[in-house]
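Chain by chain, the residues:
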Amino acid sequence: MMNTTEKESNYRNLDKMSVGEVLLNINNEDRTVAVAIEKSMPQIERLITATVASMKAGGRLFYIGAGTSGRLGILDASECPPTFGVPYDWIIGIIAGGDKAIRKAVEFAEDDEEQAWLDLQDYHINSKDVVVGIAASGSTPYVCGGLRAANEMGLVTGCVVCNADTPIASESKYPIEVIVGPEFVTGSTRMKAGTAQKLVLNMISTTVMIQLGRVKGNKMVDMQLTNNKLFSRGIRIIMEETGIDAQTASDLLEKYGSVRNAIEYSSVADH
């Protein structure tokens, strides 16, 4: 295992830098993240393809992780229902230490190899489901144990890690390794590694949702209309897709409760 995320920073004397110098150097490091992801695109595509197939067969997508990695999984999962109108149990994020660990670190929670599978069992995990482990280091016991148990039960497994040749990658049928190198602050994997994980998770969830028919053209036609901004966006989408005026679009949205249904009704009415 090449633990590059723990290597000494490429920068010295951070505490002697001006604010501008700190910002410039962080930004220079962040520029390298997209390049690292590009090298991993074949791995990302393989995991997404397997995930889509499982979800079309009735499976769900689970993210498991600890600390920053766990929080990023929860963030991605929690944004899918409002964005794509899917049920809250389609994509689920689980963090070591439970929901209280979202805001406050739970000591040694990531060191329990058995707990992830126990946490997954709370959701009646089954062989149709997909489990993706998220861990910058690639060695978090909580994630490694969860993936091992998932493999034993015949699930599709994947991971997003930021070191090469890690235990977690070896436990994953579809590993994603994004090698971002040393962090600006030595070992602070919430920085480049966290950014890389967030971008990859965006790719996974967005592409999966598109493949499952949750986007029409380039529009979020199944989004939940939970505030005035989103209701106004829904009206604009209906107008753009159908050519009807704003008032008619608003009336249809009020009546049918979703952008997709309003567009489909308008198309039927035109014929």
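Residues numbered from 1 in each chain as written. Predicted model: local features only at pLDDT ≥ 70, side-chain atom pairs only at ≥ 80, totals over all residues. Heavy atoms only, no water.

Engineer: What should I look at first to understand the side chain of Ser 40 in this one?
Structural biologist: Along the chain, Ser 40 turns up in the loop between α1 (19–39) and α2 (41–56). Taking relative accessible area as the criterion, Ser 40 reaches 3% and is therefore assigned buried. Of note is the side chain of Ser 40, whose polar atom sits 2.6 Å from the backbone oxygen of Glu 177. (Helix = DSSP H or I, 4+ residues; strand = E, 2+ residues; numbered from the N terminus. Buried < 20%, exposed > 50% of the residue type's maximum accessible area, 1.4 Å probe, protein only. Polar contact = N/O pair within 3.5 Å; in protein donor to acceptor, adjacent residues only side chain to side chain.)

Engineer: Help me understand unusual backbone geometry, please; the structure alone is not making it clear to me.
Structural biologist: Among all residues save glycine, negative phi is the norm, and among peptide bonds the norm is trans. One non-glycine residue, Phe 108, lies in positive phi territory at about 65 degrees. Position of Phe 108 relative to the elements: it lies in the loop between β2 (91–95) and α4 (115–121).

Engineer: Is there a simple way to explain the nonpolar core in this structure?
Structural biologist: The nonpolar side chains of soluble globular proteins are, as a tendency, buried together. One finds Leu 61, Tyr 63, Ile 91, Ile 176, Val 178, Val 200 and Ile 204 to be the most contacted residues of the largest nonpolar core, which totals 34 residues. Mapped by element, the contributors of at least two residues to this core are α1, α2, β1 (61–65), α3 (67–84), β3 (130–135), β4 (156–161) and α7 (192–211). With residues up to four places along the chain from it excluded, the contact list for Tyr 63 reads Gly 73, Asp 76, Ala 77, Ile 91, Ile 92, Gly 93, Ile 94, Val 132, Ile 134, Leu 201, Ile 204 and Ser 205. Residues Phe 62, Ile 125, Leu 147 and Ala 150 belong to the second largest nonpolar core, which totals 24 residues. (Core = buried A, V, L, I, M, F, W, Y, C linked by side-chain atoms within 4.5 Å. Contact = heavy atoms within 4.5 Å.)

Engineer: Looking at this model, I keep getting lost on the packing of α2 against α7. Mind explaining?
Structural biologist: Relative placement of two packed helices is described by the angle separating their axes and the distance separating the axes. Remark: α2 packs on α7, axes separated minimally by 10 Å, with the N-to-C direction vectors making an angle of 40 degrees. Considering the angle they form, α2 stands oblique to α7. Handedness of the crossing formed by α2 with α7: right-handed. Residues Met 41, Ile 44, Leu 47, Ile 48, Thr 51, Val 52, Met 55 and Lys 56 of α2 pack against Val 200, Met 203, Ile 204, Thr 207, Val 208 and Gln 211 of α7. (Axes fitted to C-alpha atoms, helices over the stretch in contact; angles between N-to-C directions. Parallel < 35°, antiparallel > 145°, perpendicular 65-115°, else oblique. Left-handed = near helix turned anticlockwise from the far one by under 90°.)

Engineer: Just to check I follow, could you spell out the sheet that holds β4 for this structure?
Structural biologist: Adjacent strands of a sheet pair through backbone hydrogen bonds, lying either parallel or antiparallel. Reading across the sheet, the five strands line up as β2-β1-β3-β4-β5 and stay open at both edges, with parallel pairing between neighbours. In this open sheet, the two edge strands, each paired with only one partner strand, are β2 and β5 (174–177). Between one strand axis and the next, the sheet turns through 15 degrees on average, direction left out of account. Against the sheet, α7 contacts β1, β2, β3, β4 and β5, and its axis sits at roughly 170 degrees relative to β1. (Pairing = 2+ DSSP bridges.)

Engineer: Help me understand the state of the cysteines, please; the structure alone is not making it clear to me.
Structural biologist: Enumeration over the complete set of coordinates arrives at zero disulfides. Between Cys 80, a cysteine without a disulfide, and Cys 159, which holds the nearest cysteine sulfur, the sulfur-to-sulfur distance is 19 Å. Among the cysteines around Cys 144, which has no disulfide bond, Cys 159 carries the closest sulfur, lying 9.6 Å off. Under the relative-accessibility criterion, Cys 144 is labelled buried at 6%. (Disulfide = S-S within 2.5 Å.)

Engineer: Quick question: what am I supposed to make of the packing of aromatic side chains here?
Structural biologist: The relation between two aromatic rings is expressed through the spacing of the ring centres and the mutual angle of the planes. Under the definition given, this model contains two aromatic pairs. Ring centres 5.8 Å apart and planes at 65 degrees place the aromatic pair Phe 62 and Tyr 123 in the edge-to-face group. Of this pair, Phe 62 sits in strand β1 while Tyr 123 sits in the loop between α4 and β3, and the two are 61 residues apart along the sequence. Residue Phe 62 is classed as buried on the basis of its relative accessible area, which comes to 0%. (Phe/Tyr/Trp six-rings, centres within 6.5 Å; stacked < 30°, edge-to-face > 60°.)

Engineer: So what exactly am I meant to see when it comes to a negative patch on the surface here?
Structural biologist: Side chains of Glu 110, Asp 111, Asp 112 and Glu 114 sit close together on the surface and give a patch of like negative charge. By the element assignment, Asp 112 lies in the loop between β2 and α4. We classify Asp 112 as partly exposed; its relative accessible area is 32%. (Patch = residues over 30% accessible without salt bridge, like charges linked within 9 Å, V, L, I, M, F, W, Y side chains within 5 Å. Areas by Shrake-Rupley, 256 points an atom, 1.4 Å probe, with all protein chains shown as cover. Salt bridge = Lys/Arg side-chain N within 4 Å of Asp/Glu carboxyl O. Lys, Arg positive; Asp, Glu negative; His and termini not counted. Charge placed at Lys NZ, Arg CZ, Asp CG, Glu CD.)

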